[in-house]
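Read off the chains here:
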Amino acid sequence: MQLALDATLTNVQTSERSSSELEDIDALVRTYRPRLLRFVTFSIGDADLAESITQDCFLKAYNGRASFRGDCAVNTWLTSIAMNLIRDQQRLQKFRFWRQARATAIDVNEAANFLPSKECSAESRVLIKEQTKHVQAALANLSVNQRSIFLMRFGQDMELAEIAAAIHMPLNTVKTHLHRALKSVRAQVGGIR
Amino acid sequence: MKSSIHLVHLSDDQILNTLSGDVSAGVAAHLANCSICSRRVAEAEAPIASFKAVTLAWSERRSATLPLQPPAAPPLAWHRRAVMAATATAALLVGISVPLVRNEAPSAPVVTSPATATPSSTAEVATVSTPALTAAMQHKIPEAPAAVETAQTKPQDEQIARDNQMLQNIDRALDNSVESPADTYELQPISSQGPARERAKTLEN
């Protein structure tokens, strides 16, 4: 009984904390934008478009903060808003998705330069670049659902149940998509192991 | 039991499930005791970890260069609505006041000299439109006190008279026949009794 009461109190506190987190838009953007930008960028393959979608996502989140019930993490909530915006974008540009987007896709070589130099040697940096390139290439060949779920799991660090709730998909379907995505990524990077 | 765990290594599917976070108790127990399988999982995880690190470094850098654009707060939306309502009201008032001023225009004093009565189209237009225009421009209020009204109407009448005079002068200037360069050649307007017709009549006869 006491445990149940504690759990309820913790949930209420978490919900209040999350709601107050949404009130400070600057802090919200500062905390969540890098991860959200990465999620959107690699979901659509266009860095410029991703920026505007991310911005829209924060606007929507801020304007609709009253509807946030606090039953999931803010990160999960933001990701599901971003996911809806990505889907809208996909509906608009169904056929030129990923194809034209590659013009403004991120350059992994350039991105790898942002890695802290203290953390890795020159050799490992080259290996990291290669691995990243292969994962990026594998992502481009995944289906939309597989890519989104992969990015939610490994980019946003969301649990499988959270992903299922965010994209309104049965848990087993999420598992299947993720399994296939991982298989494809593994096949792509297999040559460099 | 322990030896049976070590006997069979994890399959590729089990490793993928482990990566995805779907780890059963048996697989977890095996991984805890089997260095080979642990290494395989780590090897499978490495490219994803690299991807995570590189892309996060990129997005953090990119995000830092973007401006923090706070969204429009709800009071602003209310303010925008109020501005729109005020604009609509102002447009409505202007829309109502313009026909009122037009209706009032004929009752405004029109000063016309006898010369104005001449059938000149320009003068006619000026007589009709000038008082209305002047009244509109001077924002004449019908409810204004009589003293102010008389004070205002005097210069107004003078102005109207001056305008009418000016328009008449223009009319007169336009009516005056100015010597044309064509006159030096004694050109005549083509009439029905032109030389060609005369010649044709002669031939007929």
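Residues numbered from 1 in each chain as written. Chains lettered and ligands numbered in written order. Predicted model: local features only at pLDDT ≥ 70, side-chain atom pairs only at ≥ 80, totals over all residues. Heavy atoms only, no water.

Peer 1: Looking at this model, I keep getting lost on the interface of chain B and chain A. Mind explaining?
Peer 2: With 36 residues of chain B in contact, the opposing surface of chain A contributes 45 residues. At the junction of chain B with chain A, the criterion picks out 5 salt bridges. Between A:R186 and B:D12 there is a salt bridge whose closest N-O contact spans 3.6 Å. Put simply, chain B and chain A have 11 residue pairs in polar contact (both at pLDDT 80 or more) between them. Looking at the side of chain B that touches chain A element by element, the count peaks at 19 residues for helix α4 (residues 35-65) of chain B. (Contact = heavy atoms within 4.5 Å. Salt bridge = Lys/Arg side-chain N within 4 Å of Asp/Glu carboxyl O. Polar contact = N/O pair within 3.5 Å; in protein donor to acceptor, adjacent residues only side chain to side chain. Helix = DSSP H or I, 4+ residues; strand = E, 2+ residues; numbered from the N terminus.)

Peer 1: Help me understand the packing of aromatic side chains in this model?
Peer 2: Two numbers describe a pair of aromatic rings. These are the distance of the centres and the angle of the planes. Overall, the coordinates contain 4 aromatic pairs over all chains when judged by the stated rule. Arranged with centres 6.3 Å apart and planes meeting at 80 degrees, the rings of A:F42 and B:W58 form a pair that is edge-to-face. Residue A:F42 is found in helix α2 (residues 25-44), and its partner B:W58 is found in helix α4; the two belong to separate chains. For the pair A:F42 and B:W58, a shared accessibility class is recorded, and that class is buried. Over the ring of A:Y62 we find A:R65; its NZ or CZ atom is 4.0 Å from the centre of that ring. Positioned above the aromatic ring of A:F154, the side-chain terminus of A:R153 is 5.8 Å from the ring centre. (Phe/Tyr/Trp six-rings, centres within 6.5 Å; stacked < 30°, edge-to-face > 60°. Buried < 20%, exposed > 50% of the residue type's maximum accessible area, 1.4 Å probe, protein only. Lys NZ or Arg CZ within 6 Å of the ring centre and 35° of its normal.)

Peer 1: Honestly, unusual backbone geometry in this entry has me stumped. Any pointers?
Peer 2: Excluding glycine, most residues fall at negative phi; most peptide bonds, likewise, are trans. The phi dihedral of A:D157 is positive, around 55 degrees, even though this residue is not glycine. Residue placement: A:D157 occurs in the loop between α7 (144-154) and α8 (160-166).

Peer 1: Sorry if this is basic, but what is going on with the pattern of salt bridges here?
Peer 2: Two side chains carrying opposite charge are able to pair once their charged atoms lie near each other. A complete count under the given rule lists 8 salt bridges over all chains for this structure. The closest approach of N and O atoms between B:R62 and A:E51, which form a salt bridge, is 2.4 Å. With B:R62 in helix α4 and A:E51 in helix α3 (residues 47-63), this residue pair bridges two chains. Salt bridges sharing partners connect three or more residues here, namely A:R35, A:D157 and B:K52.

Peer 1: What is the right way to look at the packing of helix α6 (residues 122-140) of chain A against helix α9 (residues 171-189) of chain A in this model?
Peer 2: In a packed pair of helices, the relevant descriptors are the angle between the two axes and the axis-to-axis distance. Residues and elements named next belong to chain A. In contact at an axis separation of 9 Å, α6 and α9 are set at 135 degrees when each is read in the N-to-C sense. By the angle class used here, α6 and α9 are oblique. Judged by the sense of rotation from one axis to the other, the crossing of α6 with α9 is right-handed. Residues Q131, H134, V135, A137 and A138 of α6 lie in contact with α9, whose contacting residues are S184, V185, Q188 and V189. Class assignment for the residues of the contact of α6 with α9 results in 5 nonpolar, 4 polar and no charged. (Axes fitted to C-alpha atoms, helices over the stretch in contact; angles between N-to-C directions. Parallel < 35°, antiparallel > 145°, perpendicular 65-115°, else oblique. Left-handed = near helix turned anticlockwise from the far one by under 90°. Nonpolar A, V, L, I, M, F, W, Y, C, P; charged D, E, K, R; others polar.)

Peer 1: Teacher, can you tell me more about a nonpolar patch on the surface here?
Peer 2: Residues and elements named next belong to chain B. There is a patch of nonpolar side chains on the surface, built from M166, I170 and L174 and spanning about 320 Å² of accessible area. Positionally, M166 belongs in helix α7 (residues 146-175). The partly exposed category is assigned to M166, whose relative accessible area is 47%. (Patch = residues over 30% accessible without salt bridge, like charges linked within 9 Å, V, L, I, M, F, W, Y side chains within 5 Å. Areas by Shrake-Rupley, 256 points an atom, 1.4 Å probe, with all protein chains shown as cover.)

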